[in-house]
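Spelled out, the chains give:
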Amino acid sequence: MYINITTTETGNNKGSSGGLVQYLEKENRQQLEQKKPLQPEYWFNSQRSNIKPHEVRRKIDNNIGKLSKNDNKFFLVNISPSKKEIAHLQTLYGREGAKEELKAYAEKVMDEYARNFKRPGISNNQDLLWFGKLENYRYYNYKDPEVKQGLKKRGERKEGEQMHVQVIVSRKDITNKIKLSPQNTSRGRNARHSAKMGQFDRMAFKQSGETLFDEIFDFDRGIKETLAYANTIKNGSVAQRAQLHVLEKVHQASSKALPLIQELGKGVTQGVFESVTSLLESPLKTTGKLLDILLEQTSSPANAPDPVEVAEKRRRKKRKQQHRGYRR
């Protein structure tokens, strides 16, 4: 799940939102230009699902109390599931049902956006002024390698499933009184300023969106598909990267170990383990040790029992013996 916050795709969020609103209406305009049966994607929020673009522009532009000429007036939240995540939604709900589920998911993401500020009176998406727009496609622009190489033209539609949601959210809360900026990432360097303006942790916000998707839609996310993995591979220490590679091997050895691997993966990203050895020897709640899983998989024939199940049986047997007072 890719979640990002930008100023605007049109390059300016210090003035009217009209340019961005018009830009995000492009798919509706294309239907009119191509004289196709009009099935517009309306704007939505937690109260309504049939909001017209002029209402979005008017409400965002009027919610700027005490903001100066050079202040940001709104932000754009990009909520883009991967092709694998889209396929998962469509398998569960069908194409049209997947759209509605993605919109409902966007509301919960905006709940997390609100809570991330840690401001009194800002607890969920209804405390914000925001409008979402589902888009079915993405288009090549001048930055794409395919355009630079002459393989695609600027504005040409990208292949495959590209369904995503764009959210315009006002800098001011729904009461037009509280300033909320996701650009305030002081992280405690100025505690008084953070308490006043609302400190925002972008990484925590992105992680909450990933966790929400997995929990709501029962999505099995491989360790390589997690935000924590990508961030650690990019910014982590040599020891952390080595630990993640070990977890990948364990996942290849036993897919049933995925929930535990994900749990340990979080520990790796948080620097819980000093080395690969400490990771391998870390006792798990239900499967013994990672080292046991790896060794049993490499030494067992193809039709051998799953190492996770073997480790679980061993754990149960050991507990019974301890309860009976046996000693090895």
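Everything numeric in this text was worked out from a predicted model, so none of it was measured. (Residues numbered from 1 in each chain as written. Predicted model: local features only at pLDDT ≥ 70, side-chain atom pairs only at ≥ 80, totals over all residues. Heavy atoms only, no water.)

1. Some thoughts on the packing of aromatic side chains
Moving on, step 1. As enumerated under the stated definition, the model contains 11 aromatic pairs in all.
Moving on, step 2. Ring geometry for F213 and F217: centres 4.8 Å apart, planes at 55°, overall tilted. Residue F213 and its partner F217 are located together in helix α7 (residues 202-217), separated by four residues, close to a single helical turn. The same class applies to F213 and to F217, which are both buried.
Moving on, step 3. Grouped by ring-pair contacts, the aromatic residues Y93, Y105, F213, F217 and F219 constitute a single cluster.
Moving on, step 4. Cation over ring: K26 sits above Y23, and NZ or CZ is 4.0 Å from the ring centre.
Moving on, step 5. Across from the ring centre of Y140, 5.4 Å away, lies the NZ or CZ of K158, which sits over that ring. (Phe/Tyr/Trp six-rings, centres within 6.5 Å; stacked < 30°, edge-to-face > 60°. Helix = DSSP H or I, 4+ residues; strand = E, 2+ residues; numbered from the N terminus. Buried < 20%, exposed > 50% of the residue type's maximum accessible area, 1.4 Å probe, protein only. Lys NZ or Arg CZ within 6 Å of the ring centre and 35° of its normal.)

2. Quick look at the sheet that holds strand β3 (residues 128-135)
Moving on, step 1. Pairing within the open sheet is antiparallel, and its four strands lie in the order β1-β2-β4-β3. Every interior strand has two partners, whereas the edge strands, β1 (2-6) and β3, have only one. On average, adjacent strands in this sheet sit at an angle of 20° to one another, irrespective of strand direction. (Pairing = 2+ DSSP bridges. Axes fitted to C-alpha atoms, helices over the stretch in contact; angles between N-to-C directions.)

3. Points about the side chain of N28
Moving on, step 1. Tracing the chain through its elements places N28 in helix α2 (residues 26-33).
Moving on, step 2. On the accessibility criterion, N28 (8% relative accessible area) is buried.
Moving on, step 3. One polar contact links the side chain of N28 to the main-chain amide nitrogen of E41, over a distance of 3.0 Å. (Polar contact = N/O pair within 3.5 Å; in protein donor to acceptor, adjacent residues only side chain to side chain.)

4. Points about the nonpolar core
Moving on, step 1. Among the nonpolar cores identified, the biggest contains 34 residues, and V77, I79, Y105, Y113 and L128 are the most heavily contacted of them.
Moving on, step 2. Mapped by element, the contributors of at least two residues to this core are β1, β2 (74-80), α4 (83-116), β3, β4 (164-173) and α7.
Moving on, step 3. When residues of this core are assigned to their parent elements, the largest contribution, 10 residues, is made by α4.
Moving on, step 4. When near neighbours in sequence (up to four residues on either side) are disregarded, V77 contacts I3, N4, I5, M110, Y113, V165, Q166, V167, V169 and F205. (Core = buried A, V, L, I, M, F, W, Y, C linked by side-chain atoms within 4.5 Å. Contact = heavy atoms within 4.5 Å.)

5. Quick word on the confidence of the model for the protein chain
Moving on, step 1. Per-residue confidence for the protein chain gives a mean pLDDT of 83; residues scoring 70 or more make up 79%.
Moving on, step 2. For residues 300-304, every residue scores under 50 in pLDDT, and the model assigns this stretch zero contacts once sequence neighbours within four places are set aside. (pLDDT = per-residue confidence, 0-100.)

6. Some details on the pattern of salt bridges
Moving on, step 1. Enumeration according to the criterion identifies 17 salt bridges in this entry.
Moving on, step 2. Notably, a salt bridge pairs K152 with E156, separated by 3.8 Å at the nearest N-O pair.
Moving on, step 3. Its relative accessible area of 23% is what places K152 among the partly exposed residues.
Moving on, step 4. Because the salt bridges share partners, they merge into one network encompassing E41, E96, K99, E100 and K103. (Salt bridge = Lys/Arg side-chain N within 4 Å of Asp/Glu carboxyl O.)

7. Quick word on the environment of K266
Moving on, step 1. Checked against the element boundaries, K266 lands in helix α10 (residues 258-269).
Moving on, step 2. You can call K266 partly exposed: its relative accessible area is 48%.
Moving on, step 3. Placed 37 residues apart in sequence, K266 and Y229 show a C-alpha to C-alpha distance of 8.6 Å.

8. A look at the packing of α7 against helix α8 (residues 227-235)
Moving on, step 1. As a packed pair, α7 and α8 sit with axes 10 Å apart at the nearest point and diverge in direction by 140°. In terms of their interaxial angle, α7 and α8 are classed as oblique. Contacts between α7 and α8 involve M203, K206, Q207 and E210 on the former and, on the latter, L227, A228 and N231. (Parallel < 35°, antiparallel > 145°, perpendicular 65-115°, else oblique.)

9. Quick notes on α10
Moving on, step 1. With 12 residues, α10 should reach 16 Å at 1.5 Å per residue; the first-to-last C-alpha distance of 16 Å fits that figure.
Moving on, step 2. For α10, every residue scored as buried is listed here: L258, L260, I261, L264, G265, G267 and V268. One side of α10 carries all its buried residues, which in axial view fall inside an arc of 165°.
Moving on, step 3. Residue G271 follows α10 closely and has a positive phi angle near 75°. (Expected span 1.5 Å × (residues − 1). Arc of directions from axis to C-beta.)

10. So, the pairing of β3
Moving on, step 1. Most of β3 is tucked away, with eight of its eight residues classed as buried.
Moving on, step 2. Residue alternation in β3 divides its side chains into two sets, L128, W130, G132 and L134 and L129, F131, K133 and E135, and both sets are buried.

11. Here we look at the packing of α4 against α7
Between two packed helices, both the angle of their axes relative to each other and the distance between the axes serve to describe the pair.
Moving on, step 1. Interaxial distance between α4 and α7 falls to 9 Å at its minimum, and their mutual angle equals 140°. Overall, the two elements α4 and α7 adopt an arrangement that is oblique. As α4 packs across α7, the resulting crossing turns out to be right-handed. Here α4 contributes E85, H88, L89, L92, Y93, E101, Y105, K108, V109, E112, Y113 and N116 to the contact with α7, which in turn contributes A204, F205, S208, G209, E210, L212, F213, I216 and F217.
Moving on, step 2. Along the lines of polarity and charge, the residues of the contact of α4 with α7 split into 12 nonpolar, four polar and five charged. (Left-handed = near helix turned anticlockwise from the far one by under 90°. Nonpolar A, V, L, I, M, F, W, Y, C, P; charged D, E, K, R; others polar.)

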